[in-house]
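Results of the structural survey
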Amino acid sequence: MIRKAVIPAAGFGTRFLPFTKSVPKEMIPLVDKPVIQYVVEEAVAAGITDILIVVSSGKMAIQEHFNPDPGLLARLEDNGRSALADELRAIDRMARLHFVYQQELKGLGDAVLQARGFVGDEPFAVLLGDTVTTSEVSPVIGQLCAVSRQKGASVVALEEVPWEKTSRYGVIDGTAVAESVYKVKTFIEKPSPDEAPSNLAIAARYVFTPEIFGFLENTIPGKGGEIQLTDAMREMVRTIPMYGCRFDGRRHDIGDKLEFIKATVEFSLKRPEFRDNVGVWLKDLSTRLED
Ligand code: UTP
């Protein structure tokens, strides 16, 4: 059973400026919940009980969001808004949350390295704090945990991307070993479509065995002085088997403005109180766009 998860949430969020000048991108809301809450909920739904969120200075709002606020709860109860108070209490009880500071923003690999003491000697999940996933079947990180348990190995989430866009992603070279499961030969960062061995892109969710820390420690900083997680994974897979799981579901990288806009509309259509109104408005809007 995988009990621990790490959520890197320390990054700059340059793609979402100017909003991210003073607010962490992990606090961007989809309808009325910040991205980081969806991510924590995904981990909890997969049975994870202990979550370490990696933060940096200027990210206090993330801690604040998960801090119990007895004054607010009392006020809501007094005003007859118990249902909302219960919803907030549920956030406080979701999991044991821990926080660690990434002192210098030296990349995703370095952020994961901050979790070494927390993780100890067991497999653990990594969920990027700016990316929400949805699935009709089961939580995406739970799908990876199941493959990891079966194989006793590290597993990365894979998403099929259009071939002409492989140069935006890290993709795998691998062989299918079961329905939606691939044994990874290597990881290739941003290949051009004619060089790409597959269109299976690494997609914001991982399960690692603790050996990853040794490889992260030995990873030489790459572009912009950042320690790339993919570089450590590429070294690791040379000697230790790793798998990819083409998960059932979708991911939404909310750190990207266009994906944020699309996700906001899609998530509002899933909410019974907004579905009809948003649907009518969308139809009206598309008619106006055609004119
Ligand atoms: P991104 O690759 O989106 O980088 O990080 P970023 O710096 O946050 O954002 P942009 O590209 O400048 O807009 C993916 C995840 O890894 C975390 C981020 O917070 C995000 O959740 N991260 C990234 C860290 O925790 N530390 C880092 O040094 C870099």
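Look a little higher up for the structure.
The structure reproduced in this document is the subject of the present report. (Residues numbered from 1 in each chain as written. Predicted model: local features only at pLDDT ≥ 70, side-chain atom pairs only at ≥ 80, totals over all residues. Heavy atoms only, no water.)

Topic: unusual backbone geometry
- With an omega of 5 degrees, the peptide bond running from L17 to P18 counts as cis.
- As for its position among the elements, P18 is in the loop between strand 1 (4-8) and strand 2 (29-30).
- A positive phi angle is found at V31, which is not glycine, with a value near 65 degrees.
- You can see V31 is positioned in the loop between strand 2 and strand 3 (33-34).
- When its relative accessible area of 28% is taken as the criterion, V31 is described as partly exposed. (Helix = DSSP H or I, 4+ residues; strand = E, 2+ residues; numbered from the N terminus. Buried < 20%, exposed > 50% of the residue type's maximum accessible area, 1.4 Å probe, protein only.)

A short note on the site of the ligand
- Taken together, 19 residues form the shell around the ligand, and within it G11, T14, R15, E26 and Q102 come nearest.
- Between the ligand and G11 there is a distance of 2.8 Å, counted from an oxygen atom to a backbone nitrogen or oxygen.
- In the environment of the ligand, an oxygen atom lies 2.8 Å from a nitrogen or oxygen atom belonging to the side chain of T14.
- Coverage of the ligand by the protein chains reaches 82% of its 570 Å² of free accessible surface.
- Per-class residue counts for the shell around the ligand are 8 nonpolar, 6 polar and 5 charged. (Near = heavy atom within 4 Å. Polar contact = N/O pair within 3.5 Å; in protein donor to acceptor, adjacent residues only side chain to side chain. Areas by Shrake-Rupley, 256 points an atom, 1.4 Å probe, with all protein chains shown as cover. Nonpolar A, V, L, I, M, F, W, Y, C, P; charged D, E, K, R; others polar.)

Section: the packing of aromatic side chains
- Inspection of the entire model under this criterion finds 6 aromatic pairs.
- A ring pair is formed by Y38 and F267, whose centres lie 5.4 Å apart and whose planes are at 90 degrees; its orientation type is edge-to-face. Placement of the pair is Y38 in helix 1 (residues 35-45) and F267 in helix 10 (residues 257-269), with a sequence separation of 229 residues. One exposure class covers both Y38 and F267, and it is buried.
- Look at F124 and F208: their rings are 6.0 Å apart centre to centre, the planes differ by 45 degrees, and that puts the pair in the tilted class. Of this pair, F124 sits in strand 6 (residues 124-127) while F208 sits in strand 11 (residues 200-208), and the two are 84 residues apart along the sequence.
- Connected via pairs of aromatic rings, a cluster forms that spans F124, Y206, F208 and F213.
- One Lys or Arg, K4, reaches over the ring of F118 and ends 5.4 Å from the middle of that ring. (Phe/Tyr/Trp six-rings, centres within 6.5 Å; stacked < 30°, edge-to-face > 60°. Lys NZ or Arg CZ within 6 Å of the ring centre and 35° of its normal.)

Looking at the nonpolar core
- By size, the foremost hydrophobic cluster in this structure holds 44 residues, and its most contacted members are I51 and I53.
- One finds V54, F187, I227 and A232 within the second-largest nonpolar core, a separate group that totals 34 residues. (Core = buried A, V, L, I, M, F, W, Y, C linked by side-chain atoms within 4.5 Å.)

Topic: the pattern of salt bridges
- The tally for this structure, following the rule as stated, stands at 21 salt bridges.
- Notably, a salt bridge pairs R234 with D231, separated by 3.2 Å at the nearest N-O pair. Of this pair, R234 and D231 both sit in helix 9 (residues 229-236), 3 residues apart, roughly one helical turn.
- By relative accessible area, R234 is classed as partly exposed at 25%. (Salt bridge = Lys/Arg side-chain N within 4 Å of Asp/Glu carboxyl O.)

Shape is all these values report; function is a separate question.
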